[in-house]
Structures are given as C-alpha cells and as structure tokens.
Amino acid sequence: MRWSQLLIPTLKENPADAEIVSHQLLLRAGLIRKLTGGLYTFLPLGLRALRKVERIIREEMDRAGAQEVLMPALQPSDIWQKSGRYELMQDVLFKVKDRSRKEWVLGPTHEEVITTLVAGEISSYRQLPKNFYQVQTKFRDEIRPRFGLMRAKEFIMKDAYSFDATDEGAQESYRKMYAAYGRIFKRCGIQAIAVEADTGVIGGKFSHEFMVPAETGENEVAYSEGGEYAANVEKATSRLTTPTPTVDTGSAPGKFPTPGIVTIEALASAPYNVAATAQLKTLIYLIEGKITLVMMRGDHQLNETKLAAATGTANFRAATSDEIFAALGARPGSLGAVGVTQHPVIADESLRNAAGMTTGANEDGFHFRDVNLDRDIKVGLWHDLRLVKAGEPCPVTGTPLKIRRAIEVGHVFKLGTKYSEPLEALYLDETGQRKPLVMGCYGIGVTRTMQAVIEQSHDKDGIIWPVSVAPFTVCITPLSVLADGPVMKLAEELYQKLNDQGIDTIIDDRDDRPGVKFKDSELVGFPLRVGIGEKSLAKGEIELKPRGGVMQPIKVESAIESILSALKTLSGI
RNA sequence: CGGAGCGUAGCUCAGCCUGGCUAGAGCACUUGGUUUGGGACCAAGACGUCGCAGGUUCGAAUCCUGUCGCUCCGACCA
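Residues numbered from 1 in each chain as written. Chains lettered and ligands numbered in written order. Predicted model: local features only at pLDDT ≥ 70, side-chain atom pairs only at ≥ 80, totals over all residues. Heavy atoms only, no water.

**Regarding the sheet that holds strand E30 (residues 541-546)**
Read from one edge of the open sheet, 5 strands run E28-E27-E29-E30-E31, paired in mixed fashion. At either margin of the open sheet sits one strand with a lone partner, and together these are strand E28 (505-507) and strand E31 (552-555). For this sheet the average axis-to-axis angle between neighbouring strands, irrespective of direction, equals 25°. Two strands pair when backbone bridges link them, and E30 and E31 are joined in this way by 4 bridges, in the antiparallel orientation. (Pairing = 2+ DSSP bridges. Helix = DSSP H or I, 4+ residues; strand = E, 2+ residues; numbered from the N terminus. Axes fitted to C-alpha atoms, helices over the stretch in contact; angles between N-to-C directions.)

In structure tokens, the structure reads:
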C-alpha cells in the first residue's frame, strides 16, 4: 500500500487523555481513534495489526481441533434468566428493548447461546468431543473503561467452548486449549504466563489466566522465582510464616479491660503484649444484606475475592460502624465472635484448631483471652480467605513469593456442568443414559492482546512490532519521490517485487523531508525499513534498518535476498 | 457509585486567581517561495457557540449555581 493514500494520522504529541504508553502509542501511531469513552474506531493500520492477531488465533484454534462458528451478539434475555446469570451479571449486561418492548441482551460472553445450540444439535456420545469458537464483538457495561483498548465497553474476543462426555475428556480439551494459548501468545511475540485464577461470574471448577507481565497491568500475580507456582493474588495461597497457637490453656474465655485499645498493633504492644498471630480479627460484612462475621488471624488481611468464592456471591460490603453497633453492641476494635449465634461466622483456614487466642468482647474497652475456636466460637464455614503478601513462602517450593502486576490476555475455565444442566445440554452415553455435557470455556481478549503487544514492545521512538502482527512488515522509504528519478524507480521496483513475494509492504511515497519519514516509520514501528537515498545509491547501496536494530548497507543487486534474509532473522526462523 | 482532576482552534496548551478592548501561542491545514539524509524556513491565509444551561455584573473564557463529557484512584473483567 501507498502511505500517501492511507489514513495514518500520526501525532507528534501525546494525547492528553492517554495515560499508559501503549494507549498513547495506539493513538500517536494512528492505529485507533476514540469515539467516546470505551469505544474506539480501528484505523487502517490498527485494523491490519488486529487482523493478524486474529489470524494467528484462528490458525491455532483450528490446529487444536476447534471449529469456527459465529453467534449473534444480540441475545434473548430468557436464556440468561435460565442460566441464572441475568441477575448475577446485571451490572455488566447491556440491555435493549425492541419495538414490542421485549428485552434483549447484548452478549458479554456466549455460554448461554452455545449451550442452547449444542443442546439442540448434540445428542450422542458418538458426536463428542466438540469445541466451537468464534471471534466476535462483546459488549460489557464496564464500571470504568480505561487505558484505550485494555478495558472497553465493546471489544473483540475469541471465545471457545468445549463439550465432552466425561470429566477426563473435558480435562483433555482443557489441556489442548491451554497449550494452544501458549502458542498463540508466543506467536504474537508476547511473553504470557499461565497462572491459577479465580473463576468469578463464569464459574466452574478451576481456571488459568494468561498474563503478560507489565507495570500497567490491572492484576497482581504471585509467583515463585523458578516458575513452579504462579497465581493471581485473588487466588494465591502461601505457607504460614508463623504457626497459629493451638495450645489450650485450659481456661474458659476471660474478659479483661483494654481501655482505648482498638487496633491489633496496640494490643500487641506493652502492657498487653499479645502477638498479632495470637489475635482474632473480626470483620463485619453485609453479605446479601445479612450481617456476617469474618474471622482472620490478627496479622492477616482478608482477600475479598476469596470471600466471594466462599460465599458464592459478590453482593457484599463491609458494614458501617453504626450497622456493627446495632448488631453486636460494640464498635470496630472491640469485636469478636465468642458466643455469637444469631449471625453466621466465616473463618479463615489458618484458624483451624486455634486455641489460647485473644479477641474483642463485643463491649467497647474489653477483650477476651484464652479463646479456643472449637469450643468458644460457632464457625459456620471454613475457607481460605487470606490475602498473600510478597515474601511469604511459596506453597509449592517454600521459597519467598514475589508479586508483580500483569495484563490478563486470556482465561481458560474448566466449567463442568454449570451451564449444561440448567440449559439441558444432555447426551446419551453408551448405555443409553442421559447425562449433562461436561464443558470448558476459553477466552482471549483480541483487542487487548494487540495493545499488550505494544505495552511489551516499544521504545522512546514508538512501537516495535513483531513481524507476526505488524500492520506492514516492510516499509520502503525513498528519500526523494521524483517519479522518474532513480530513487523512486528503485523504490517502486522493490515494492512490486516484495508484494509479489507476499511480503506486506508499504511504500512511503509522501513528498516529505527524510526526518519526517524516519520518525513516522519508527513511531508506527514497522519491523524493517528499506531506506533509499541518492547518496548511498551512488555507491550501489541502499539501507536496511530493522526497528530497534542497527542500520546496515546492502547491495542493490541483491536487495531482495538481503531483505528476505533479514526478515527471517527478525521472525526468529 | 465514592474520591481527585480537567473541559479554550483538528492536536498540545497559555489566559481564569485579581472580570474590561479585535481570545492567544506552537504543531497540523491552505497558497506562494526557499529548502531537501533525522519531525525545515519565510510570507500570506483559513480555522473558536471558550463543553452546555442559567445567574451575578455596565461588562463573563474569567465569579456563582446546575448540568453534560473526559481522565485518574477503588469495586468489575478478556
């Protein structure tokens, strides 16, 4: 393509509303333009890069045995009612009404649609396994769209759904997708790591997220140095650095005065000297409107994602001081669960068998000592609720965990029968028994992946596209565009030959000064620039400049061969 | 939704505190000229409901009220 004919509106200055570098470069390189918050138009170059990411995804999905379909983005709300997610996901669902006032949903994801399809089309174990995928626009009423394509109201996702007869089969389908994801991100030129993750509103048995390490990422990943363990902090666990006391003092809980003491630290200091590990922290939450006591060890922090996983709902918040006083008769700082039977109590696993603990007495200015969990507190639910911190021992290796930020580009879920049961996607097995299909689902944020590539691969001058996803692979830069001059003649000739070889080539035929062309080609980030100027041409040479590499002169006679071999090197072939 | 900030030319911003004349600069754009190996220079020109609505005032980009939009931090997620 000819630069002069394409819309490539590069910007010299950073747009005021772009905060992170990949967002700035998307705008500056003329790849996208904002329509309004969370909604973007893909310009010619941006679309070309996006299409290349999509092509890699399609090739790897096909290779892994998945088949492409295309489902409606507009969906009837009744299938969402059936799956139970109409309520659960109401905050992100875009809803629209038609002329007869019937309500529809703009699909944020497609478990309901694909399961409905499969329920009607698959009825025998002989048809299994199956895996269907699509590349499609998703709609989510995000609470806060941000960072350009990173979190948008409308975005392109590749979603795949596997259907198996057995759990073992589903496991194998999961494994295949997991492997395919690794190949996809590698081919896109980004380093993504798989981490254990929370399943959230999608639900299911377990899941892995594919994370691109980046300071601007919205997630935190806990991992061991050697890569033996990696998990989203929402899900991560660690070994305890210090054990929880379990020695029964033999005494019943004894109330003692602690005037003005309302923090763990204060109680840990003189004259009380109660180690934080021997204290019970009692947090009061309003879970689906009900006062609930959440118990943590004094030195631990609550992880709210784990609380959601434990309770099966995200509909909760910390209670206010007044709500707490009304329920327990004391203010934060003096709270405890001893003798509390009228409210449910949830406790963190680290408190199992805890004994000789100290906790608030539900009376301002007083605490209990000698509290045994088994004997004195009615715990209704035990669950891992603890937020891991950097430096705590890895659950696998025992070495100190590290924590770093990352961008989630993909997520694979082992779903089980969460959707096949309510939507009645059943099949007959060898013995004629009717059983629910065992499902998995697998998403890649395609537009987000494209931005993640930029976030991970850029320098002060602009984007550094990997060959695999670059909008154009080669940029031919004639320094003079006189139509019948030797420079332009050679440029046109190379342009023809490269295109004939199937190399995506752009020729910068703009009548601009060299500096402008160099800056623009670096900003957009084409992997290889072929510079043609009168000076070097006089020596029978032109210049090859890999983006991010060093300029090298090549002979005109062997230009095509040199370019092709440089591309091979850049592609890592 | 809670907290913080910003809305002035296509873009980046100044002017606002302390109200006053035709509302400014740089980049981009148009025309002419000079340039031509790292975002050129000269000259001329075009481009504004100062986000919107209301108020205060002789007079509002500037002060007040409301409203809309955008960005950032938190809850949500590919």
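**Thoughts on the pattern of salt bridges**
Where side chains of opposite charge bring their charged atoms close, a pairing between them can arise. With the rule as written, the count across this model stands at 39 salt bridges. In this structure, Asp509 engages Arg2 in a salt bridge whose closest nitrogen and oxygen atoms are separated by 4.0 Å. You can see Asp509 sitting in the loop between E28 and helix H13 (514-524) and its partner Arg2 sitting in the segment before helix H1 (21-28), a full 507 residues away along the chain. With a closest N to O distance of 3.3 Å, Asp504 and Arg48 form a salt bridge. Here Asp504 is found in the loop between helix H12 (486-500) and E28, whereas its partner Arg48 is found in helix H2 (residues 44-63), with 456 residues between them in sequence. A relative accessible area of 25% means that Asp504 is categorised as partly exposed. The class for Arg48 is partly exposed, based on a relative accessible area of 25%. (Salt bridge = Lys/Arg side-chain N within 4 Å of Asp/Glu carboxyl O. Buried < 20%, exposed > 50% of the residue type's maximum accessible area, 1.4 Å probe, protein only.)

**Some remarks on the packing of aromatic side chains**
Under the counting rule described, the total for this entry stands at 10 aromatic pairs. With 5.8 Å between their ring centres and 35° between their planes, Phe185 and Phe210 make a pair best called tilted. In this pair, Phe185 is assigned in helix H6 (residues 167-187) and Phe210 in strand E10 (residues 206-213), connecting sequence segments 25 residues apart. We note that Phe185, like Phe210, is buried. Sitting over the face of the ring of Phe256, Arg369 holds its NZ or CZ atom 4.1 Å from the ring centroid. (Phe/Tyr/Trp six-rings, centres within 6.5 Å; stacked < 30°, edge-to-face > 60°. Lys NZ or Arg CZ within 6 Å of the ring centre and 35° of its normal.)

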